[in-house]
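# Architecture at a glance
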Amino acid sequence: MTDSMNINPDDILLIVEDDRAFRQRLTLSMERQGFTVVAAESIEEAGLLAVDNKPRYAILDMKLTDGNGLDLVPTLRHLRHDIRIIILTGYGNLASAVAAVKAGAVDYLAKPADPDEIVKALLALDGEKPQPPENPMSADRVKWEHIQRVYELCDRNVSETARRLNMHRRTLQRILSKRSPL
């Protein structure tokens, strides 16, 4: 477990997660780690909480019922330039990770992320490099990630993606309909 001595009790953590049970578990875990937590289930609610609390840290779900967690990043950065934002998602792909970091998130983690892993990402020093993965992606997963990236860059247009990848459209549709390989 991470040492909560490094966390200032005045530093507020905003959690934005639309899954109520997961939000409650994550809130409890982060409070046990020493954070003062405010939690929201929507972008609208999170915006109001952020204005009132000016959080030092934020954990944002990528896909929310009223939009994308990435849409909150500029608002949070405007309220507090030194905020450390982590994006959590169950729909991870390389293109989304790149978009999250470009938007201003310090890390991008797949659900279910371990609370200790989240705290390490939140408290990591700027420029600190993460440890290499113990289980790196398989070649099939790397291929799948590349296809997802091109698909996102083509604005989710299957025909254009297939053309750019020099792949039959139906083959691409089958790949896109499947879950990512391990």
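Report follows, based on the coordinates. (Residues numbered from 1 in each chain as written. Predicted model: local features only at pLDDT ≥ 70, side-chain atom pairs only at ≥ 80, totals over all residues. Heavy atoms only, no water.)

## Observations regarding the packing of helix α1 (residues 20-32) against helix α5 (residues 115-123)
Packing of α1 against α5 brings their axes to within 10 Å, and their N-to-C directions diverge by 60°. The crossing of α1 and α5 is right-handed. The residues of α5 that touch α1, namely those facing Leu26, Ser29 and Met30, are Pro115, Ile118 and Val119. Counted by class, the contact of α1 with α5 contains five nonpolar, one polar and no charged residues. (Axes fitted to C-alpha atoms, helices over the stretch in contact; angles between N-to-C directions. Helix = DSSP H or I, 4+ residues; strand = E, 2+ residues; numbered from the N terminus. Left-handed = near helix turned anticlockwise from the far one by under 90°. Contact = heavy atoms within 4.5 Å. Nonpolar A, V, L, I, M, F, W, Y, C, P; charged D, E, K, R; others polar.)

## As for the layout of surface pockets
The calculated volume of the second largest pocket comes to roughly 180 Å³. Along the walls of the second largest pocket sit Met62, Asn68, Leu70, Ala95, Ser96, Val98, Ala99, Lys102, Arg149, Glu152 and Leu153, which together make up its complete lining. Mapped onto the lining of the second largest pocket, the elements with two or more residues apiece are α4 (94-103) and α6 (139-153). Top element by residues in the lining of the second largest pocket is α4. It accounts for five residues. Residues that form the lining of the second largest pocket fall into these classes: six nonpolar, two polar and three charged. (1 Å grid on protein atoms, 1.4 Å probe; cavity = no way out; pocket = protein on both sides within 12 Å on 5 of 7 lines; lining within 4 Å. Points joined across faces, edges and corners; volume = space filled by probe spheres on them.)

## Comments concerning the packing of α6 against helix α8 (residues 169-177)
It is at 11 Å that the axes of α6 and α8 come closest, and there the two elements cross at 110°. When the axes of α6 and α8 are compared, the pair comes out roughly perpendicular. Across the interface between the two elements, Trp144, Ile147, Gln148 and Tyr151 from α6 touch Leu172, Ile175 and Leu176 from α8. Broken down by class, the residue content of the contact of α6 with α8 amounts to six nonpolar, one polar and no charged. (Parallel < 35°, antiparallel > 145°, perpendicular 65-115°, else oblique.)

## Side note on the pairing of strand β3 (residues 57-61)
Most of β3 is tucked away: five of the five residues are buried. Burial along β3 is two-sided: Tyr57, Ile59 and Asp61 facing one way and Ala58 and Leu60 facing the other are all buried. Alignment of strand β1 (residues 12-16) against β3, held across four bridges, turns out to be parallel. Bridge pairing links isoleucine 15 to isoleucine 59 in β3. Of the strand pairs in this sheet, β3 and strand β6 (residues 84-89) are connected by five bridges, and their pairing is parallel. What sits directly across from isoleucine 59, in β6, is isoleucine 86. (Buried < 20%, exposed > 50% of the residue type's maximum accessible area, 1.4 Å probe, protein only. Pairing = 2+ DSSP bridges.)

## Considerations on helix α2 (residues 43-53)
Looking only at α2, the buried set comprises Ile43, Ala46, Gly47 and Ala50. One side of α2 holds all its buried residues, which, seen down the axis, span an arc of 105°. In α2, those exposed residues whose orientation departs by more than 90 degrees from the buried face are Glu44, Leu48 and Asp52. The secondary structure elements touched by the buried residues of α2 are β1, β2 (36-40), β4 (63-64), β5 (67-68) and α3 (73-79). Positioned one or two residues after α2, lysine 54 has a phi angle of 45°, which is positive. (Arc of directions from axis to C-beta.)

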